[in-house]
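# Geometric and topological summary
For reference, the chains in residue letters:
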Amino acid sequence: MRYLDCHLGNLIDALAVCQNEDAVQFALKCLATNAGCTHYSYVELRPAGHRVCSTYPVDWQKRYIEQNYITLDPTVIQAGRTMRPVPWSYADKHRYDDKTRLFFEEARKFGIASGIILPIRAGFGTTVFLSLATEREATNKIAVRDRAYAATAVAFVHSSFMRLSKTVLGANDVPLSPRELHCAAWAAMGKTKAETGSMLGLSEKTVRFYLERVREKLNATNVTHAVRIGTMRNLF
């Protein structure tokens, strides 16, 4: 068994000084290389959409999305259910049904034969997955000794992307207050004004006021449009 723990400190140190998204991606490439892997994949699954940053072959990424493999991928399913790191290998395909075995075989053709996936929960219903993979059918799987340490490293990755995305997209030029951000984020998850008010200890009228402020600041035609703009710009 190979352990990832000894490489996580270097990742955290690198992320602490990153000034742009390219630097974050370089830090992830270094992690993958140091861990003996050839690819990394960072995925945010949000109620209002998802974000992907990956070095997997572009054709595989397109195939994965087109076939909605995220609903079939047993590594994502298990990691999302247990919130624990999941080592995996093509060699384990016999454990699954025919459809899942075909998924593993297809991934292998794209140079993805073994690896590990690290999950965490983020804010407002978001789940984050950081995966490392290699073309080798590893018999000595990569693993982690300290799950909390691994989760901390993934949280650093997530916070770095969030922080630097806002800088790149000019989100800091939109002075949304914490209350406005909270109300808009819950609206993006489909919560009604009454539900949002109940969770935040506000009246429905006050929530409506905050959402209207968000609409005005984002120059949107309505609240739905404002939520869409905010989601696209990574404001919440």
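Everything below is about the structure printed above this text.
Quick notes on the rules
Residues numbered from 1 in each chain as written. Predicted model: local features only at pLDDT ≥ 70, side-chain atom pairs only at ≥ 80, totals over all residues. Heavy atoms only, no water. Pairing = 2+ DSSP bridges. Helix = DSSP H or I, 4+ residues; strand = E, 2+ residues; numbered from the N terminus. Axes fitted to C-alpha atoms, helices over the stretch in contact; angles between N-to-C directions. Salt bridge = Lys/Arg side-chain N within 4 Å of Asp/Glu carboxyl O. Buried < 20%, exposed > 50% of the residue type's maximum accessible area, 1.4 Å probe, protein only.

### Some details on the sheet that holds strand 2 (residues 39-46)
Backbone-to-backbone hydrogen bonds pair the strands of a sheet. The strands run either parallel or antiparallel. Strand order in the open sheet formed by five strands is 3-2-6-5-4, with antiparallel pairing between adjacent strands. The open sheet has two edge strands with one neighbour each: strand 3 (49-54) and strand 4 (86-89). When strand polarity is set aside, the average angle formed by the axes of neighbouring strands in this sheet is 15°. Inspection of the sheet shows strand 4 paired to strand 5 (residues 114-121) by four bridges, in the antiparallel sense. For Pro87, the partnering residue across the bridge sits in strand 5 and is Ile116.

### Let's talk about the pattern of salt bridges
Applying the stated criterion across every chain, the model contains 12 salt bridges. Each of Asp92, Arg95 and Lys141 takes part in one network of salt bridges that share partners.

### Notes on unusual backbone geometry
In the Ramachandran plot, Asn68 falls in the positive-phi region, its phi being about 50° despite a non-glycine side chain. Mapped onto the elements of the fold, Asn68 is located in the loop between helix 3 (58-66) and helix 4 (74-82). Overall, Asn68 belongs to the partly exposed group, its relative accessible area being 40%. The phi dihedral of Asn219 falls on the positive side, at around 55°, and the residue is not glycine. Looking at the secondary structure, you find Asn219 in the loop between helix 9 (204-217) and helix 10 (223-232). For Asn219, a relative accessible area of 66% corresponds to the exposed category.

Geometric values such as these leave the question of function open.
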